[in-house]
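Here is what each chain is made of, one letter per residue.
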Amino acid sequence: MDLVEYQGKQLFGRNGVPVPPEGAVCRTVDEVVAAAEKFGGMTVVKAQVKAGGRGKLGGVKLAKNPDEAREHAEAIFGLDIKGHTVNVIYLEPGSDISEEYYLSILHDRVNKGYLVIASKEGGMDIEEVNRSTPELVVKRVLLPHETADGLDPATALEIMTQAKIPAEVVDQASDLLVKLFAAMIKEDATLVEINPIIRTPDDRIVALDAKVTLDDNAAFRHNGHEEWDVPGVEERDEQEQFAKDNDVAYVKLDGDVGILGNGAGLVMASLDVVAQAGGRAANFLDIGGGADADTMATSLKLVLSDDRVNSVLVNVFGGITQCDLVAQGVLGAMEQLGDMDRKLVVRLDGTNAKEGRKILTDANHPNVVAAATMAEAAETAVKLAAERSSAATTG
Ligand code: GDP
Ligand code: MN
């Protein structure tokens, strides 16, 4: 799960990583103005969306006084930043900047460790810095045996010195790195990025921005990451909310063939065969192990609640899940769903596939087509989707 900036700063703050004075989380222009009045002086109006590069797109503005804060808030609320609509603004007391640095730590799967990236050139796109002046970007892999007791201060200092952080503040920057690493471990983050870390004119080191990704697989250790699940920061659409409420792995895509399968690999393969058949998938949905009538009905409801879906491909490989039970699940789901104008193509393979197909054929449901192979299923689903879509346009 990705945190928005103000949440990242909260997480940093409670782990001793220096952040600016606490700001206000605002949902209306009036709240922004009230906060600017309360803080007094220079403030910064910051869009809270899960996307980077907000500054360049008009989502971060300095305000000299509450009137300017109002103007900026009016412009920033509702702004579209890389497909994310701004619903929340973080109004923060302004910081004075003399220099901007870069620091991030991420999981390094290849080396089974962590990768620290540090540079004295911050505040801009680090990939760009890396392309034009790679010598200014320090990359250091940390292996688990080096970090069993956390990141030791000497290593942190070495990294920050290599990154050419000036002598006056290099100790503070190293200390920040040690604390950031500890925060990453304690909070089970897979990525922490600060761009920029600033040096203030009075030589303090502060994290001015925060990007944090928490490990969903570790959510059970953190009360389900409930504390960060603030409604309204990012509007989930209807399907995404439904998927979250029902705990299914669902990702919206931009086509019109709904996809539903068991196992992430099989669902990925389904997307590919649909593409090969000349169609486009409307979603990724992995129903996981259990494929009883209820799971099937819930998942089908989810896929069909998307108006763009013109046909559905159900692709199940029976292992522990038996295809005859899946077939009954599909029919049970159709019963629960009632009248429907879209067709399902069901491909069953593996344990009890024959029995499953027979159940479907015998039922002779007007909306359910059984298919023997994945390719055939995809072709049929794509054809049905095209038919429905042309029927809709010709009326
Ligand atoms: P991003 O564009 O999404 O990465 O948003 P940032 O939080 O990194 O802000 C972008 C830029 O705005 C920073 O690199 C700073 O140059 C500037 N900025 C942000 N906050 C302040 C502040 O409090 N004071 C000043 N002077 N500049 C700021
Ligand atoms: Mn930034």
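Scroll up to find the structure this text is about.
Residues numbered from 1 in each chain as written. Chains lettered and ligands numbered in written order. Predicted model: local features only at pLDDT ≥ 70, side-chain atom pairs only at ≥ 80, totals over all residues. Heavy atoms only, no water.

S.K.: How should helix α6 (residues 153-162) be read in this particular structure?
M.R.: Because the α-helix completes a turn every 3.6 residues, residues three or four places apart line up on one side. Along α6, the residues that are buried comprise T155, A156, I159 and M160. Down the axis of α6, the buried side of the element spans an arc of 130 degrees, and every buried residue falls inside it. For α6, the secondary structure elements touched by its buried residues are β7 (99-108), β8 (113-119), β9 (137-142) and α7 (167-187). Taken from the residues just after α6, K164 is the one with a positive phi, measuring 65 degrees. (Buried < 20%, exposed > 50% of the residue type's maximum accessible area, 1.4 Å probe, protein only. Helix = DSSP H or I, 4+ residues; strand = E, 2+ residues; numbered from the N terminus. Arc of directions from axis to C-beta. Contact = heavy atoms within 4.5 Å.)

S.K.: Is there a simple way to explain the coordination of the manganese ion (ligand 2) in this structure?
M.R.: The textbook angles at a metal center are 109.5 degrees for a tetrahedron of four donors and 90 or 180 degrees for an octahedron of six. With distances of 2.1 Å, the protein atoms coordinating the manganese ion (ligand 2) are N195 (O) and D209 (OD). Residue N195 is located in strand β10 (residues 189-199), and its partner D209 is located in the loop between β11 (205-207) and β12 (211-214); the two are separated by 14 residues in the primary sequence. Residue N195 shares its accessibility class with D209, and that shared class is buried. (Donors = N, O, S within 2.8 Å, 3.2 Å for Na, K, Ca; no water.)

S.K.: Can you walk me through the sheet that holds strand β2 (residues 43-47) in this structure?
M.R.: If you walk across this open sheet you meet the four strands as β1-β6-β2-β3, and the pairing is antiparallel. Both outer strands of the open sheet, β1 (24-26) and β3 (60-63), are each paired with one neighbouring strand and no more. Taking each pair of neighbouring strands and ignoring which way they run, the sheet shows an average axis angle of 25 degrees. Where β1 and strand β6 (residues 89-93) come together, three bridges link them in antiparallel fashion. When the sheet's bridge partners are listed, A24 is paired in β6 with L91. Where helix α1 (residues 5-14) meets the sheet, it contacts β1, β2 and β6, and its direction lies at approximately 50 degrees from that of β6. Along the sheet, helix α3 (residues 66-76) contacts β2, β3 and β6; its crossing angle with β3, the most-contacted strand, is approximately 165 degrees. (Pairing = 2+ DSSP bridges. Axes fitted to C-alpha atoms, helices over the stretch in contact; angles between N-to-C directions.)

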